[in-house]
Amino acid sequence: MKFVKNQSPAVSSVSLGQLWREFIPLSLSDVMMAAGDPLVTTTLAHLPNARSNLAGVGIAKALAIFFESPIIMLLHASNAVAPNGKSRQALWQFMLLAGGSLSLLLGLLALPLMFDLVGTRFLGIPIELAATVQQVLLLMVLWPFAIAWRRYFQGLLIYHGNSRAIAIASIARLATMGTVLAIGVALKCSGAVLAGSALIIGVLVETGLITIVAYRCGATVAPPVTEASTLPQDLGEIWRFYWPLANSMLVNWGGKALLVGAIARAVDAPIALAAWPAAWGLVLVIANSTRMLQQIIIKYQGRVANGVLLKFALSVGSCCSILLFLISTTTIGEWVIQGFIGSDRELINSIKPVLLICAAIPLLVAMQNATQGFLVGAGHTGGVNRATWIGTTVLLGIAWLSVRVGWSGAIAAAMATVAAMLSEVLFLLFQQRSRQGL
């Protein structure tokens, strides 16, 4: 389904400085969100059974995000439909149905019979990690619903121009996680139970704060209708608009979950299952700082020249990639890595080459989100979906092939991820150029 947002006619009405002022708080919110993973990793690395807990929590988080994935794009949809009250109401109903259903499915997966079928037999999760993964999944059963609820209100806040509140709520989430982890360490709680509790309590606190602020600042009140809207108006239209976005995230994070199966079959599976989620958590802290570029582009497409928006995305992504490269190659960077995962030398040596390979990912994430933003803002959600299928096919093909020829599991995952994102960005650029021209 295609729709056209009401756009301001003045292309030069928004300055580059204003783009940065709106982007930085949004970027900070994603950094705070991503920082939760290294915070959990750091805590687990200093507790007993560090490797098994790191592996178990990493697998559980990948599965939880797979169930979250269909509603990740609710933020984009909420931002896009915010100008119209009927569209908001339809998306609200869709959010409740989708979020509730996904949480129910996540709970079913954590049950012994279903987990044995899907987790142990299909994904190849080692038996010794099964109980840990199940514990974390049960603790995180509300994760998809809470994320769906939060992203709906975040989209309204972005449209309303209140990006600072999103950043503050993300900081509160990280602070809550830190507090829960500190209390758990003092009480000598199980590492896996502590990690799952910190993750879900943190996101529930953030969701509550976002909701309160959205109501208090008036972001939940739709602007007056001044003309006939071409935005989706009911559940059926919302579904047709949103399904390509949901499917793209389902495929994307489904690929990430299947990637665990490839790593679990690598020659160095025990260390790789711990090294990959630890390294990926650190990569995401930096790469996620570029993701909110998409919201800026959705909001300002038509008000700022596409070429300016693209240059803005390139500058943000390049800075972040340089930072990750320095972390992977310098002495100071090694101190940063040790701060996240402790002094396990074998684990550090496994992570450093992964980080170096992944240094290009922040730039690729920036370009991915920028090009997705152009297409979503214009209503061409099908192009986003096709790009994701291409990227996921490349991800799994390279990962499984690399593991079969004897590569390290973590290295295979890193190489496959870079290749997948590059192929996806190239396809998105082709889609955008063919539709509008940059």
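What comes next concerns the included structure. Because the structure is predicted, anything quoted here is derived from the model rather than measured. (Residues numbered from 1 in each chain as written. Predicted model: local features only at pLDDT ≥ 70, side-chain atom pairs only at ≥ 80, totals over all residues. Heavy atoms only, no water.)

Right, let's get into the side chain of Arg88. By the element assignment, Arg88 lies in helix H4 (residues 85-109). The contact partners of Arg88, leaving out residues within four places of it in the chain, are Val81, Ala82, Tyr152, Leu156, Tyr159, Ala219, Thr220, Val221, Ala222 and Pro223. (Helix = DSSP H or I, 4+ residues; strand = E, 2+ residues; numbered from the N terminus. Contact = heavy atoms within 4.5 Å.)

Membership of the largest hydrophobic core comes to 142 residues, with the highest contact counts inside it found for Leu63, Leu137, Tyr242, Trp276, Leu355 and Ile361. A total of 14 residues in this core trace back to one element, the largest contributor, which is helix H11 (residues 269-287). Contact partners of Leu355, with chain neighbours within four places excluded, come to Ala279, Leu282, Val283, Leu324, Ile327, Ser328 and Ile337. In this structure, Val31, Ala35, Leu174 and Val285 belong to the second largest nonpolar core, which totals five residues. (Core = buried A, V, L, I, M, F, W, Y, C linked by side-chain atoms within 4.5 Å. Buried < 20%, exposed > 50% of the residue type's maximum accessible area, 1.4 Å probe, protein only.)

The calculated volume of the second largest pocket comes to roughly 150 Å³. In this structure, the second largest pocket is lined by Leu63, Phe66, Phe67, Leu109, Val118, Phe122, Leu123, Leu250, Gly254, Ala257 and Leu258. Of all the secondary-structure elements, those providing two or more residues to the lining of the second largest pocket are helix H2 (50-68), helix H5 (112-122) and helix H10 (235-264). When grouped by side-chain class, the residues that make up the lining of the second largest pocket number ten nonpolar, one polar and no charged. (1 Å grid on protein atoms, 1.4 Å probe; cavity = no way out; pocket = protein on both sides within 12 Å on 5 of 7 lines; lining within 4 Å. Points joined across faces, edges and corners; volume = space filled by probe spheres on them. Nonpolar A, V, L, I, M, F, W, Y, C, P; charged D, E, K, R; others polar.)

Pairs can form between side chains of opposite charge whenever their charged atoms are close. A complete count under the given rule lists five salt bridges for this structure. Asp116 is paired through a salt bridge with Arg121; the nearest N and O atoms lie 3.3 Å apart. With its nearest N and O atoms 3.0 Å apart, the salt bridge here joins Glu334 to Arg345. Taken as a pair, Glu334 in helix H14 (residues 331-341) and Arg345 in helix H15 (residues 345-357) lie far apart in primary sequence, eleven residues in all. Take Arg345: its relative accessible area is 40%, and that puts it in the partly exposed class. Taken together, the shared-partner salt bridges in this structure form one network comprising Arg150, Arg173 and Glu206. (Salt bridge = Lys/Arg side-chain N within 4 Å of Asp/Glu carboxyl O.)

Quick look at the packing of aromatic side chains now. Centre-to-centre distance and the angle between the planes together describe a pair of aromatic rings. One pass over the structure, following the stated rule, counts eleven aromatic pairs. With 6.1 Å between their ring centres and 50° between their planes, Phe145 and Trp149 make a pair best called tilted. One end of the pair, Phe145, and the other, Trp149, are both in helix H7 (residues 143-160), four residues apart, so they sit about a helical turn from each other. Note on Phe145: relative accessible area 26%, which makes it partly exposed. A residue is classified by how much of its surface remains accessible, and Trp149, at 24% relative accessible area, is partly exposed. Ring centres of Trp149 and Phe153 lie 5.8 Å apart, and the angle between their planes is 40°; this geometry places the pair in the tilted category. (Phe/Tyr/Trp six-rings, centres within 6.5 Å; stacked < 30°, edge-to-face > 60°.)

Backbone geometry follows two general trends: most residues other than glycine have a negative phi, and most peptide bonds adopt the trans configuration. One non-glycine residue, Asn49, lies in positive phi territory at about 55°. Considering the arrangement of structural elements, one finds Asn49 in the loop between helix H1 (16-45) and H2. By relative accessible area, which is 58% here, Asn49 ends up exposed. Despite not being glycine, Lys188 shows a phi value in the positive range, around 60°. As for its position among the elements, Lys188 is in the loop between helix H8 (163-186) and helix H9 (191-216).

Time to look at helix H12 (residues 293-300). Among the eight residues of H12, eight are classified as buried, and the element is accordingly described as predominantly covered. For H12, every residue scored as buried is listed here: Leu293, Gln294, Gln295, Ile296, Ile297, Ile298, Lys299 and Tyr300. Two residues or fewer after H12 comes Gly302, characterised by a positive phi angle close to 95°.

To continue, consider the packing of H2 against H7. Between H2 and H7, whose axes approach to 9 Å, the crossing angle comes to 50°. Classified by the angle between their axes, H2 and H7 sit oblique to one another. Handedness of the crossing formed by H2 with H7: right-handed. Two secondary-structure elements touch here, H2 through Lys61, Ala64, Phe67 and Glu68 and H7 through Trp143, Pro144 and Ile147. Its residues placed into classes, the contact of H2 with H7 shows five nonpolar, no polar and two charged. (Axes fitted to C-alpha atoms, helices over the stretch in contact; angles between N-to-C directions. Parallel < 35°, antiparallel > 145°, perpendicular 65-115°, else oblique. Left-handed = near helix turned anticlockwise from the far one by under 90°.)

The subject of this paragraph is empty space enclosed by the protein. Over the atoms rolls a probe the size of a water molecule, and its path tells where empty space is left. Taken as a whole and judged by the stated rule, the model has three cavities of 30 Å³ or more. One number sums up the size of the largest cavity: a volume of about 720 Å³. Residue lining of the largest cavity: 48 residues in total, with Met33, Ile72, Trp253, Asn288 and Arg291 positioned closest to the centre. Top contributing element to the lining of the largest cavity by residue count: H1, with six residues. By volume, the second largest cavity amounts to about 410 Å³.

Structural measurements only, silent on function.
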